[in-house]
Protein chains: 2
Amino acid sequence: MNSDFTLAIHSLTYLALQPDRMSTSDAISESAGVHPVRIRKVLSLLKKHGFIVSKEGTGGGFIFAAELENVNLWDIYKLTSEGALQPKCPDSNERCLVGANMHKVLFAIFLGAEEHLGEFLKNYSIKEVVDLIKHEK
Amino acid sequence: MNSDFTLAIHSLTYLALQPDRMSTSDAISESAGVHPVRIRKVLSLLKKHGFIVSKEGTGGGFIFAAELENVNLWDIYKLTSEGALQPKCPDSNERCLVGANMHKVLFAIFLGAEEHLGEFLKNYSIKEVVDLIKHEK
DNA sequence: TAATACTGTAATAATAAACTTTACAGTTCA
DNA sequence: TGAACTGTAAAGTTTATTATTACAGTATTA
C-alpha cells in the first residue's frame, strides 16, 4: 500500500484547520513532508468526489467543501486504497489443489477483512481526527 | 506488505493436506509459484512458533505439528506481518500542528484497526481454509 | 496586457521494497 | 561417500513508490 491514504487524511485535516482561506499544495506538502505534485494528485481525487474545492491562479488553492462530520476514514480509504488489503498472489500451480484454489479462497477472505476494516474506519470522521490532533498539542 | 502472510497460509494449507508425510520446500514452492528459499524462510518462522516441524536430510521436509483448528489467520498475521497496516509516514513538519501530531494520531488509529482486523482473522483457522479449498474443487 | 502565482497532469528519474538467485554450511539417509 | 534435504546469508533483479522536471491552463494584479 502506498501512502495516498495517509496523505489524504493529512491534507484534509490540514484544510479542516484552515476553513476560511485557501491552502496551496506547497503549504500542505511542507506540512506532510512530501512533494507538492504528489499532494496535488491526491487532492485531485478528493476534489473529484466533492470533499474539497480547488481554484487555480494567484490566491488559489484548496479548501474543504463538506461537513467535517460527513467525511470519514472509510470514505477516504475507498478512494485512495480500495483493494490494497488483497494479497498479490503470484501465479500458482493450477495442477495442485492448493495452488489452483488458494487465490479464490484468499480473495474472499480478504474481501471480508476489508469490509470489516471499513466498519472500524467509519468510526473516525475528519472532525474526530482534528480533535485528536488538537488534543495531542 | 510483502506476501509472507499469504505464503504462510498457503504452506500451512498444503501441509494440512499432507498430514502423513513430510513435504519439501521445493514441492510447496512449486504449488505456490515462488522460490523455495522464500518458502523456507517463511516456514522457518512457523517452525519457531511450533506450528510445524522440520527435518533435514534425505526424506526430510516439513510437517504440520498442531491441531488445524488451533492455528488461525490472526496467529499467522502476527507472525508474518504485524504492524504492516501502520502507515509509513515521511518526516513531516514539526513546526506545523498537523505535521507534528499526525503521526501519533494515525499510529493510534491504525493500531486499533489492526486489532479490529484481528477479530476478523481469528474466525478463520487453517481447518476452515482447508475446507474452503476443498469446497472450491 | 504582461508578469506572477497558482492548479493539473504527463513523463522521466531516483529510491526503496520485494523477490529471486546463488552459494554454501549443516544434517540425514542409503 | 554421495545424494537429498534444511538453514541462512549475500548479491542481483524486478517492481512499486516517490520525487523531479516540464509545461499547459487559469486567475489575479499591477
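Residues numbered from 1 in each chain as written. Chains lettered and ligands numbered in written order. Predicted model: local features only at pLDDT ≥ 70, side-chain atom pairs only at ≥ 80, totals over all residues. Heavy atoms only, no water.

Engineer: Which parts of the structure should I look at to understand the side chain of Ser-125 of chain A?
Structural biologist: Locating Ser-125 of chain A in the fold gives a position in the loop between α5 (97–121) and α6 (126–136). In this view, Ser-125 of chain A contacts Leu-68, Glu-69, Val-71 and Asn-72 of chain A; residues no more than four positions away in its chain are not counted. (Helix = DSSP H or I, 4+ residues; strand = E, 2+ residues; numbered from the N terminus. Contact = heavy atoms within 4.5 Å.)

Engineer: How should I be thinking about the pairing of strand β2 (residues 61–64) of chain A in this particular structure?
Structural biologist: A regular strand places its side chains on the two faces of the sheet in alternate fashion. All names here are of chain A. In β2, alternate side chains face the same way, and those of Gly-61 and Ile-63 on one face and Phe-62 and Phe-64 on the other are all buried. Pairing between strand β1 (residues 52–55) and β2: 4 bridges, direction antiparallel. When the sheet's bridge partners are listed, Lys-55 is paired in β2 with Gly-61. The hairpin turn running from β1 into β2, its antiparallel successor, is 5 residues long, and Gly-57 in that turn takes a positive phi close to 80°. (Buried < 20%, exposed > 50% of the residue type's maximum accessible area, 1.4 Å probe, protein only. Pairing = 2+ DSSP bridges.)

Engineer: What is the right way to read the protein's contact with DNA strand D from this model?
Structural biologist: In the vicinity of DNA strand D, 24 residues are found, and the nearest of them are His-35, Lys-55 and Glu-56 of chain A together with Lys-47 and Ser-54 of chain B. Taking all atoms of DNA strand D within 4 Å of the protein, the share assigned to sugar and phosphate is 64%. Within the backbone of Gly-57 of chain B, one N or O atom sits 3.1 Å away from a base oxygen of DNA strand D. Looking at the surface near DNA strand D, the elements that each hand over two or more residues are α3 (36–48) of chain A together with α3 (36–48), β1 (52–55) and β2 (61–64) of chain B. Element by element, the count of residues in the surface near DNA strand D is highest for α3 of chain B, at 4 residues. Considering only residue class, the surface near DNA strand D consists of 5 nonpolar, 12 polar and 7 charged. (Near = heavy atom within 4 Å. Polar contact = N/O pair within 3.5 Å; in protein donor to acceptor, adjacent residues only side chain to side chain. Nonpolar A, V, L, I, M, F, W, Y, C, P; charged D, E, K, R; others polar.)

Engineer: Even after reading the chapter, I still don't get the state of the cysteines, so can you show me in this structure?
Structural biologist: In protein structure, a disulfide is the covalent linkage between the sulfur atoms of two cysteines. Residue and element names in this part refer to chain B. As enumerated under the stated definition, the model contains 0 disulfides over all chains in all. As a non-bridged cysteine, Cys-89 has Cys-96 as the owner of its nearest cysteine sulfur, 13 Å distant. Of the residues examined, Cys-89 reaches a relative accessible area of 26% and is grouped as partly exposed. (Disulfide = S-S within 2.5 Å.)

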